[in-house]
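Reading the structure
Given next are the chains, with one letter for each unit.
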Amino acid sequence: MKLKSWTAPRPSGEASEEMAVTLGTGRAAKLLILPAWFDEANKLRRLTLETMRRLHEAEIDSVLPDLPGCNESLSSLKAQTLEGWRAAAEAACDQFGATHVLAIRAGALIAPQNLPGWHYAPLAGSKLLAALLRAQTMAEREAGRQVTRQDMLEQGREGGLVLAGWALGARMVRALEEAASAETAKQSTIEASDLGGPGLWLRAEPAHDAAQAERLAQIIANGISSESAA
Amino acid sequence: MTMSTNPVPQEDCEVCEASGTDADATLKAIMVDVLGIDAQDAAEFGPETGLFGHLPELDSMAVAGLLTEIEDRLGIVIEDDEVDGEMLETYGGLLNFAEAKLSDT
């Protein structure tokens, strides 16, 4: 695996340098992997990287970019917008020459629509936001502050807010309320149950399941090889 | 202390796949997925089994995920003001809450 840098456009017109994990030897199929977001990104990181290793064995290159503001990124998370991340996903696709996309969980909200590929257990923006709001509400209540999810959502729409440690700008909050992944003719959904086990994002403690990585890589490898045979 | 059981026999309950004693099975399945424990261990969860405040891995993010999963799998909506210490402290508290919610719907 290699770390490579790529350039993500910023809504302001400048660009930011971001990192990506790549694995491959320049083969015909190159999979762009759009990771899960926030807390789920941590819980699914190992599954994601293990899937890349198995794809490598199946002669498929892959690239896993950091979204601006996430993981190793030096950009501010609060400055990010949904449209900005969509543009970043397109830019990563172009710069790495991706032929297919695998969008994981909320990653499906920003999948470039023209690429063939898969959405793994896609998560609607409203659901993502609801989980973050609930976690924050519970943390506030534990600290003795009586707040409701609705209060916090209104605050977030106006001026952004920090939810469960993640700083979201107002534009991101408003966009997430409406955002849903669009399954296109070229992109199909892999349900959590298709991997033969419960989604690892559910785990209170991050865990790994090698069989799920194997299954996910297999579904993708089968899909790509049946395409080239057609 | 004994758990209340569903008075409706399973075979008479065509539309409510996830109700009554099924709430127990569904909650235990969620515990398996969230805590990463064996189904056998979850089967031993009783009314007094401690949850929030007893299991260090159940932090607020994990509990938020747990509640969302309960909503999805049981088809209920859990309001902010329904989430309190009593409901989350033990497995029995959570089960009673879920069963009461299901009987309301």
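Note: the structure precedes this text.
Just so you know, these numbers come straight off a predicted model, no measurement behind them. Along every chain, residues carry numbers that run from 1 in the direction the sequence is written. Chain labels run from A onward and ligand labels from 1 onward, assigned in the order the entries are written. Given that this is a predicted model, residues contribute local features only at a pLDDT of at least 70 and side-chain atom pairs are listed and counted only at 80 or more, while totals for whole chains, interfaces and linings are drawn from all residues.

Attention now moves to the overall build of chain A. Only DSSP runs of H or I covering at least 4 residues are called helices, and only runs of E covering at least 2 are called strands; the numbering of each starts at the N terminus. Counting its secondary structure elements, chain A contains six helices and nine strands. Radius of gyration here is computed from C-alpha atoms only, and the compact-globule reference equals 2.2 Å multiplied by the residue count raised to the power 0.38. The C-alpha radius of gyration computed for chain A amounts to 18 Å, which stays within 12% of the reference 17 Å derived for 230 residues, consistent with globular compactness. Once the C-alpha set of chain A is aligned to its principal axes, its extents read approximately 60 × 40 × 30 Å. Counting other C-beta atoms within 10 Å of a residue's C-beta gives its exposure: the residue is buried at 20 or more, exposed at 12 or fewer, and partly exposed in between, where C-beta atoms are placed from the backbone. Out of the 230 residues in chain A, the part that is buried amounts to 45%.

What follows is about the pairing of strand 5 (residues 100-104) of chain A. All names here are of chain A. Of all five residues in strand 5, five are buried; the element is thus mostly enclosed. The alternating pattern of strand 5 places His100, Leu102 and Ile104 on one face and Val101 and Ala103 on the opposite face, and all of these are buried. Two strands pair under a simple rule: DSSP has to find at least two bridges between them. Taken together, the four bridges between strand 3 (residues 30-34) and strand 5 define a ladder with parallel strand orientation. When the sheet's bridge partners are listed, isoleucine 33 is paired in strand 5 with leucine 102.

Moving on: the pairing of strand 1 (residues 2-9) of chain A. In terms of strand pairing, strand 1 of chain A meets strand 2 (residues 15-23) of chain A through eight bridges, oriented antiparallel. If you follow A:Leu3 over to strand 2 of chain A, its bridge partner there is A:Val21.

Residue and element names in this part refer to chain A. Every axis in this analysis is a line fitted to C-alpha atoms, fitted for helices over the stretch in contact. Angles between the N-to-C directions lie between 0 and 180 degrees. In the contact formed by helix 1 (residues 38-57) and helix 6 (residues 210-229), the axes pass within 8 Å of each other and the chain directions differ by 50°. Taken as axis vectors, helix 1 and helix 6 run oblique relative to one another. Where helix 1 crosses over helix 6, the handedness of that crossing is right-handed. Of the residues in helix 6, those touching helix 1 at Leu47, Glu50, Thr51, Arg54 and Leu55 are Ala210, Gln212, Ala213, Glu214, Leu216, Ala217, Ile220 and Ala221. Under the convention adopted here, Pro, Cys and the residues Ala, Val, Leu, Ile, Met, Phe, Trp and Tyr are nonpolar, Asp, Glu, Lys and Arg are charged, and Gly plus all remaining residues are polar. Taken together, the residues that form the contact of helix 1 with helix 6 break down as eight nonpolar, two polar and three charged. Oblique is the label for any angle not covered by the other classes, which are roughly parallel (under 35 degrees), roughly antiparallel (over 145) and roughly perpendicular (65 to 115). Here a crossing is called left-handed whenever its near helix is offset anticlockwise from the far helix by less than a right angle, and right-handed whenever the offset is clockwise. Two residues form a contact once the distance between their C-beta atoms, set from the backbone, is within 7 Å.

Judged by nonpolar contacts, the single largest core of 94 residues is most densely connected at A:Leu31, A:Leu32, A:Ile33, A:Leu34, A:Leu102 and B:Val63. The leading source of residues in this core is helix 3 (residues 60-74) of chain B, at eight residues. Residues in contact with A:Leu102, not counting those within four places in the same chain, are A:Leu31, A:Ile33, A:Gly117, A:Trp118, A:Tyr120 and A:Ile220. A set of buried residues qualifies as a nonpolar core if it consists of Ala, Val, Leu, Ile, Met, Phe, Trp, Tyr and Cys joined through C-beta atoms within 7 Å.

Moving on, we come to the sheet that holds strand 9 (residues 187-190) of chain A. All names here are of chain A. Taking strand neighbours across the sheet as the criterion, the seven strands line up as 1-2-4-3-5-6-9 in an open arrangement whose pairing is mixed. In this open sheet, the two strands that pair with only one neighbour each are strand 1 and strand 9. Direction aside, neighbouring strands of the sheet carry axes that sit 25° apart on average. Along the sheet face, helix 2 (residues 82-96) touches strand 1, strand 2, strand 3 and strand 4 (61-65) and points at about 130° away from the line of strand 1.

Our next topic: unusual backbone geometry. Residues and elements named next belong to chain A. Within the chain, phenylalanine 38 stands out as a residue other than glycine whose phi angle is a positive 55°. Mapped onto the elements of the fold, phenylalanine 38 is located in helix 1. One non-glycine residue, arginine 105, lies in the positive phi region at around 50°. With respect to the element layout, arginine 105 can be found in the loop between strand 5 and strand 6 (117-120). Residue classification places arginine 105 among the buried positions, given that 26 C-beta atoms sit within 10 Å.

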